[in-house]
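One-letter residues, chain by chain:
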Protein chains: 2
Amino acid sequence: MSVRIALDLMGGDQAPAAVISGAARALAADPELELLLVGPQPVLATIGEEPRLRLVPSGPGVPEGGRPASFLRQHGDASMNRTVALVAEGEADGAVSVGHTGALMIAARWRLGMLPGVLRPAPAAVFPLGSQPVLLDIGANVEVSAEDFLVFAALGGAFCRIVKGVSQPSVALLANGTEPGKGTRVLKEAHQLLAQRWPSFVGYVEPLELFTGAADVILTDGFVGNIVLKTMEGMARVLAGLPGVVDTTLAPLLARMSDITASGSPILFLGTRGVVVPGHGRAGAADVARLVGLATAAVRQGLLAAIEAELKQYGIA
Amino acid sequence: MSVRIALDLMGGDQAPAAVISGAARALAADPELELLLVGPQPVLATIGEEPRLRLVPSGPGVPEGGRPASFLRQHGDASMNRTVALVAEGEADGAVSVGHTGALMIAARWRLGMLPGVLRPAPAAVFPLGSQPVLLDIGANVEVSAEDFLVFAALGGAFCRIVKGVSQPSVALLANGTEPGKGTRVLKEAHQLLAQRWPSFVGYVEPLELFTGAADVILTDGFVGNIVLKTMEGMARVLAGLPGVVDTTLAPLLARMSDITASGSPILFLGTRGVVVPGHGRAGAADVARLVGLATAAVRQGLLAAIEAELKQYGIA
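Residues numbered from 1 in each chain as written. Chains lettered and ligands numbered in written order. Predicted model: local features only at pLDDT ≥ 70, side-chain atom pairs only at ≥ 80, totals over all residues. Heavy atoms only, no water.

*Asks:* Before we move on, could you go through the overall build of chain A and cite the residues and values that matter?
*Replies:* Across its full length, chain A holds twelve helices and eleven strands. Since a compact globule built from 317 residues should have a radius of gyration of about 20 Å, the 20 Å found for chain A is in line with a globular shape. With the C-alpha coordinates aligned to their principal axes, the bounding extent of chain A is approximately 60 × 55 × 40 Å. A sequence separation of at least 24 residues applies to 69% of the contacts in chain A between residues at least 6 apart. In chain A, which carries 24 positive and 28 negative side-chain charges, the distance between the mean positions of the two groups comes to 3 Å. (Helix = DSSP H or I, 4+ residues; strand = E, 2+ residues; numbered from the N terminus. Rg over C-alpha atoms; globule rule 2.2 N^0.38 Å. Contact = heavy atoms within 4.5 Å. Lys, Arg positive; Asp, Glu negative; His and termini not counted. Charge placed at Lys NZ, Arg CZ, Asp CG, Glu CD.)

Right, dumping it as structure tokens:
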């Protein structure tokens with residue numbers, strides 16, 4: 001199936017060179033891929049013509065630091081805005097940017113809008129150790145309601161089916177214990193709601209179960225999800241730096257775990273009306289090609305339709 | 001300085017044998033220590049007379065499982081209740097139990113009461129990797145207000161001075177980023193409050209700073225603190241089980257990190273009117289002796305007076 005992916009040339013520390021090389025790799029790897037490279041005219045002028053490559057002129061990239069939301073509002077033609085807008089306009093099937101992650105989420109929300117029943121995008125990741133469950137929200141929705149967890153279940157379930165091929169993914173709530181009295185007030189409400197409405201809900205799991213396969217999808221709010229990932233990353237970094245670890249079998253694993261967004265673990269914003277794949281600012285050409293591959297797979301496997309069906313099935317949309 | 005510590009004989013998986021052996025070790029290690037061993041008469045009858053050893057009859061230990069709060073309420077003479085009550089009655093300077101941790105916190109709260117200005121006990125630990133900051137709350141206060149963080153700062157600061165000898169410990173809030181917009185609603189309020197009231201407040205830190213020494217004391221609510229510790233424990237267990245790790249220099253460190261309460265890291269309930277030291281149910285004799293040593297040090301170094309002074313100084317009590 002032919003897929004068109006829009007790629008932001010101006011995102012990331014090595015932009016545009018790494019993105020341009022990554023685009024070439026992605027095209028070579030997938031004969032049914034078409035890429036739309038989005039960037040200012042002077043950058044586009046450096047890129048040779050290729051079959052299956054379309055150049056789309058835009059304004060500037062989102063600068064590091066500053067206030068990305070204001071920047072995106074003031075620069076409707078910013079490369080990130082244009083990249084996502086191509087999906088909204090039906091010109092592309094998915095978008096990839098290794099620019100500022102928070103900015104990309106804002107652009108996705110503004111340019112694409114949300115699926116029916118979903119208030120805000122939820123970033124989800126495949127947890128990169130042990131049984132590798134889908135974990136969401138990993139950083140965006142800091143204040144959540146019990147109903148948000150029902151939406152997270154639908155989003156995470158669809159994502160898990162797509163990236164892991166699990167047909168009826170089990171869903172759990174991350175908590176500080178598995179006894180009924182555990183959890184915050186919101187989690188207790190969410191537990192009740194999911195127990196009533198979600199057939200594959202398995203209850204609370206503790207962080208140990210992030211590693212042991214107790215659930216395919218583990219739900220948490222964006223504050224706790226972010227803390228969990230950063231605790232793992234920080235611990236991996238400290239362990240990797242200890243004497244005697246460099247030459248062990250652990251070193252490559254710890255290097256991957258020390259930076260989830262650079263690790264190759266699939267990360268997606270879920271809930272927007274289109275496939276948007278973020279990436280790490282330090283992404284090199286191989287990373288960019290991999291992210292394009294993830295976006296392509298999500299499109300080919302019908303992630304959006306799966307989420308919409310899930311939301312409808314459980315009476316959310 | 002002579003110190004009297006009450007020791008619950010009926011706590012832990014190896015009770016009473018491990019506790020009795022631990023008591024003997026603790027007495028041998030500290031010539032100015034007096035121990036009060038608390039247990040039912042038949043257990044006390046097995047213990048030989050020793051100088052600096054006093055036997056205190058009590059009811060049963062708190063059973064595993066069931067509802068410890070109801071048990072403690074129904075059995076005022078339960079060994080855990082009696083152990084803590086000896087502190088309240090002025091018979092002992094501190095209490096140690098390796099029984100059910102939640103039950104011990106309840107007993108401490110009921111039998112000792114709280115220091116002025118403190119609503120609930122806050123368990124604190126020395127984070128067992130990297131720069132080893134004091135982390136609290138690690139599991140009790142799941143719903144907190146901004147004012148609770150001011151209390152946590154006083155409690156954690158005093159604990160840090162005692163166990164780590166830092167004279168003016170820096171205090172930080174654990175958050176999902178260091179920018180002002182980060183944090184939950186409560187954390188944002190707490191940030192404002194601490195910035196106004198706490199001279200050594202350094203702002204938000206991310207989980208990476210648990211390892212890097214950005215702050216001596218790191219504050220979080222009991223839900224997030226518990227999740228952070230259990231994420232670390234879970235990751236340590238998974239890493240320790242990977243092929244090729246067993247014989248490396250990492251193995252002993254991972255074993256310690258895989259169980260914080262069994263790791264030897266000091267843990268105290270802070271805010272009660274007396275020194276109460278919990279321990280792991282799997283504690284052996286050496287662990288029990290170490291916990292008695294921690295209680296003794298906290299008494300000798302005037303932990304309670306330090307906390308009271310801190311609470312007064314910052315206008316909490």
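*Asks:* Which residues make up the pattern of salt bridges, and what values do they have?
*Replies:* Residues and elements named next belong to chain A. Per the counting criterion, the structure on display carries 20 salt bridges over all chains. One salt bridge connects D148 with R120, and the closest N-O pair in it is separated by 3.3 Å. In this pair, D148 sits in helix α6 (residues 146-164) while R120 sits in the loop between α5 (101-112) and β5 (122-126), placing the two residues 28 residues apart along the sequence. Look at D148 and you get buried, because its relative accessible area is 12%. Under the relative-accessibility criterion, R120 is labelled partly exposed at 27%. (Salt bridge = Lys/Arg side-chain N within 4 Å of Asp/Glu carboxyl O. Buried < 20%, exposed > 50% of the residue type's maximum accessible area, 1.4 Å probe, protein only.)

*Asks:* Tell me what's going on with the interface of chain B and chain A, and back it up with residues and numbers.
*Replies:* Every contact between the two is made by 39 residues of chain B and, on the other side, 39 residues of chain A. Of the roughly 3,300 Å² buried between chain B and chain A on both sides combined, carbon and sulfur atoms contribute 79%. Inspection of the chain B/chain A interface yields two salt bridges. K230 of chain B is the partner of E206 of chain A in a salt bridge, and the nearest nitrogen-oxygen pair spans 2.5 Å. At the junction of chain B and chain A, the tally comes to six residue pairs in polar contact (both at pLDDT 80 or more). At the level of secondary structure, the elements contributing two or more residues to the side of chain B that touches chain A comprise α7 (185-197), α9 (222-240) and α10 (250-257) of chain B. (Buried area = accessible area lost by both parts, 1.4 Å probe. Polar contact = N/O pair within 3.5 Å; in protein donor to acceptor, adjacent residues only side chain to side chain.)

*Asks:* With reference to specific residues and values, describe the pairing of strand β4 (residues 94-97) of chain B.
*Replies:* All names here are of chain B. Alternating positions in β4 separate into two faces, G94 and V96 on one and A95 and S97 on the other, with burial throughout. Examined bridge by bridge, strand β1 (residues 3-8) and β4 share three bridges and lie parallel to one another. Directly across from I5, in β4, lies its bridge partner G94. Strand direction decides the pairing type here: β4 and strand β11 (residues 275-278), joined by four bridges, are parallel. Counterpart to S97 in the pairing with β11 is P278. (Pairing = 2+ DSSP bridges.)

*Asks:* Can you break down α7 of chain B residue by residue, with the values?
*Replies:* In a regular helix each residue adds 1.5 Å, so 13 residues correspond to 18 Å; α7 of chain B covers 19 Å between its end C-alpha atoms and thus fits that length. Turning to α7 of chain B, its buried residues number three or more, namely V186, L187, A190, L193 and L194 of chain B. One side of α7 of chain B carries all its buried residues, which in axial view fall inside an arc of 125 degrees. Away from its buried face, by an angle of more than 90 degrees, α7 of chain B presents the exposed residues R185, Q192, A195 and Q196 of chain B. Close packing links the buried residues of α7 of chain B with α9 (222-240) of chain A together with α6 (146-164), β7 (171-174), β8 (201-205) and β9 (217-219) of chain B. (Expected span 1.5 Å × (residues − 1). Arc of directions from axis to C-beta.)

*Asks:* Run through the relation of the copies chain B and chain A, naming residues and quoting values.
*Replies:* In the superposition of chain B on chain A (RMSD 0.0 Å, axial shift 0.0 Å), the rotation amounts to 180 degrees. Expressed as a symmetry operation, the mapping of one chain copy onto the other fits a two-fold axis. A shared interface surface links the copies, since 100% of the contact residues of chain B are contact residues in chain A too. (Least-squares fit on C-alpha atoms with pLDDT ≥ 70 in both.)

*Asks:* Tell me about the packing of α9 of chain A against α9 of chain B, and name the residues and values.
*Replies:* Contact pair α9 of chain A / α9 of chain B: the axes reach a minimum separation of 10 Å and the direction vectors enclose 40 degrees. Between α9 of chain A and α9 of chain B, the crossing angle belongs to the class labelled oblique. Here α9 of chain A runs over α9 of chain B; the crossing is right-handed. Side by side, α9 of chain A and α9 of chain B meet where F223, V224, I227, V228, T231, M232, M235, A236 and L239 of chain A of the first sit next to F223, V224, I227, V228, T231, M232, M235, A236 and L239 of chain B of the second. (Axes fitted to C-alpha atoms, helices over the stretch in contact; angles between N-to-C directions. Parallel < 35°, antiparallel > 145°, perpendicular 65-115°, else oblique. Left-handed = near helix turned anticlockwise from the far one by under 90°.)

*Asks:* I'd love a proper account of the environment of T83 of chain B, names of residues and values included.
*Replies:* Residue and element names in this part refer to chain B. Here T83 shows up in helix α4 (residues 79-88). When the C-alpha positions of T83 and D8 are compared, they lie 5.7 Å apart, and in sequence the two are 75 residues distant. Not counting residues up to four positions away in its chain, the partners in contact with T83 are A6, L7, D8, V38, A95 and V96.

*Asks:* Got a sec to walk through the nonpolar core? Specific residues and values, please.
*Replies:* If you look at the biggest cluster of nonpolar residues, it comprises 200 residues, and the most contacted ones within it are L35 of chain A together with L35 of chain B. In contact with L35 of chain B, not counting residues within four places along its chain, are I5, L7, A23, A26, L27, R52, L53, R54 and V292 of chain B. (Core = buried A, V, L, I, M, F, W, Y, C linked by side-chain atoms within 4.5 Å.)

*Asks:* Report on the sheet that holds strand β2 (residues 33-39) of chain A, specifying residues and quantitative values.
*Replies:* Residue and element names in this part refer to chain A. Spatially, β3-β2-β1-β4-β11 is the arrangement adopted by the five strands of the open sheet, whose pairing is parallel. With one partner strand each, in any of the chains shown, β3 (53-57) and β11 (275-278) form the two edges of the open sheet. For this sheet, the mean inter-axis angle between neighbouring strands, taken without regard to orientation, is 20 degrees. With six bridges joining them, strand β1 (residues 3-8) and β2 adopt parallel strand pairing. If you follow I5 over to β2, its bridge partner there is L35. Along the sheet, α5 contacts β4 (94-97) and β11; its crossing angle with β11, the most-contacted strand, is approximately 170 degrees.

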